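# Observations on chain architecture
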Amino acid sequence: MKLEYSHKLIIDNVSRFIDLTELEKQKYISLLTEIKVKKKAFLMQAGDITRFEYFITKGCLKVYTLDVDGAPHISMFAVEDYWTGDMASFITKQPSRYFIKAIEDSELLGISRANYDLLFQEIPKFERFYRILYQKSLISYIRRSNYGISLTAEERYIEFKKKYPHIVNRITQKDLAGYIGITPEFMSKIISKVNRM
């Protein structure tokens, strides 16, 4: 079976954790929905119930909440070969607290809740894949939380640059500040200092 680039990317992602037959690959692809989001458009807004788990095949998005003053707190950037969404809202069907906004024109593959449940019934090994995916997400969340309380803003920036060199040049300094948890002005000072090191 000849796969489109987007389908090959998601099958390669899944195949890191489970082996699929050609028929299983075809079935999985048939359950996915192609979604396009223009730069600066919302994929999802706070108050929405998450209808899909998303896999990014092209582009860059940011996932964030707003504090009481309206300042964004970015929890992640999602680029090609990343999964994103609000798992809690997707599973519980409760409104999300998150916004997901495209930083670049983006293309995604989404699996709806109905197709997600159908996938587990028809190809049970996908439960292993999604369990691993959620475990990795939880580990990442815990590490990020620990970094937030144990590292300085400068150390968090250096860690971000090391871990995500493919993202750092695709986002604005303002968004980076929202991720690190500081003002854009302080972010500018840190970047200048680190670049002089």
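Sequence order sets the numbering: in each chain, residues are counted from 1 along the sequence as written. Local features are withheld for residues below a pLDDT of 70 in this predicted model, meaning they are given only at 70 or higher, and side-chain atom pairs are given and counted only at 80 or more; totals for whole chains, interfaces and linings count all residues. As a rule here, side-chain values cover all heavy atoms of the structure and leave hydrogens and water aside.

An unreviewed UniProt entry annotates the chain as Crp/Fnr family transcriptional regulator originating from Pontimicrobium aquaticum.

### Topic: the side chain of Glu 24
Put simply, the test is: Each helix corresponds to a stretch of at least 4 residues labelled H or I by DSSP, and each strand to a stretch of at least 2 residues labelled E; elements are numbered beginning at the N terminus. Contacts are residue-level and defined by heavy atoms, with any inter-residue pair within 4.5 Å sufficient.
Take Glu 24: it is sitting in helix α2 (residues 22-30). Once residues lying within four places of it in the same chain are set aside, the contact partners of Glu 24 are Asp 19, Ile 123 and Lys 125.

### Some details on the sheet that holds strand β2 (residues 42-44)
Defined as follows: One bridge is not enough; two strands pair if DSSP finds at least two bridges between them. To define axes, lines are fitted to C-alpha atoms, for helices over the stretch in contact only, and angles between the resulting N-to-C directions are given on a 0 to 180 degree scale.
One open sheet accounts for four strands, arranged β2-β7-β4-β5; its pairing is antiparallel. The open sheet terminates on both sides in strands that have one partner only, identified here as β2 and β5 (72-79). Sheet twist, expressed as the average angle between the axes of neighbouring strands with direction ignored, equals 30°. The pairing of β2 with strand β7 (residues 99-102) spans two bridges and is classified as antiparallel. Among the inter-strand pairings, Met 44 is bridged to a residue of β7, identified as Ile 100. In this fold helix α8 (residues 173-180) packs onto β4 (60-66) and β5, with an angle of close to 110° to the strand it touches most, β5.

### A closer look at the layout of surface pockets
Basically, it comes down to this: Grid points spaced at 1 Å over the protein atoms alone were grouped into cavities, where a 1.4 Å probe fits but cannot get out, and pockets, open sets with protein on both sides within 12 Å along at least five of seven lines, with lining residues defined by an atom within 4 Å of a point. Grid points are joined across faces, edges and corners, and a volume is the space filled by probe spheres set on the points. Polar here means any residue other than Ala, Val, Leu, Ile, Met, Phe, Trp, Tyr, Cys and Pro, which are nonpolar, and Asp, Glu, Lys and Arg, which are charged; Gly is therefore polar.
The computed volume of the largest pocket comes to approximately 1600 Å³. Of all the secondary structure elements, the ones that give two or more residues to the lining of the largest pocket are β4, β5, β6 (83-84), α3 (87-92), α5 (125-150), α6 (153-163) and α8. Of all the elements, α5 adds the most residues to the lining of the largest pocket, at 13 residues. The residue makeup of the lining of the largest pocket, split by class, is 21 nonpolar, twelve polar and eleven charged.

### Observations concerning the pattern of salt bridges
Heads up, the rule is: The salt bridge definition used is simple: a Lys or Arg side-chain nitrogen within 4 Å of an Asp or Glu carboxyl oxygen. A simple rule labels every residue: compare its accessible area, found with a 1.4 Å probe on the protein chains alone, to the largest value its type can have, and call it buried under 20%, exposed over 50%, or partly exposed in between.
Per the counting criterion, the structure on display carries ten salt bridges. A salt bridge links Asp 117 to Arg 113; its shortest N-O distance comes to 3.2 Å. A residue pair is termed a helical-turn pair when its members lie 3 or 4 positions apart in one helix, as Asp 117 and Arg 113 do in helix α4 (residues 113-122) at four residues. Residue Asp 117 is classed as partly exposed on the basis of its relative accessible area of 31%. Here the residues in one salt-bridge network are Glu 80, Glu 104 and Arg 170, joined through shared partners.

### Focus on the sheet that holds strand β1 (residues 32-37)
Here four strands make up an open sheet; going across it, the order is β1-β8-β3-β6 and the pairing antiparallel. Only two strands of the sheet have a single partner each, and these edge strands are β1 and β6. As paired strands, β1 and strand β8 (residues 106-112) are joined by six bridges and run antiparallel to one another. Paired with Glu 34 across the two strands is Leu 109, which belongs to β8. Against the sheet, helix α1 (residues 5-15) makes contact with β1, β3 (52-58), β6 and β8, and its axis sits at roughly 115° relative to β3, the strand it touches most.

### Considering the confidence of the model for the chain
Stated precisely, the cut-off is as follows: Confidence scores here are pLDDT values: one per residue, from the predictor, ranging 0 to 100.
Averaged over the chain, the pLDDT score is 93; the fraction of residues at 70 or greater is 98%. Of all the helices and strands in the chain, helix α9 (residues 184-196) carries the lowest mean pLDDT, 87, while β7 carries the highest, 98.

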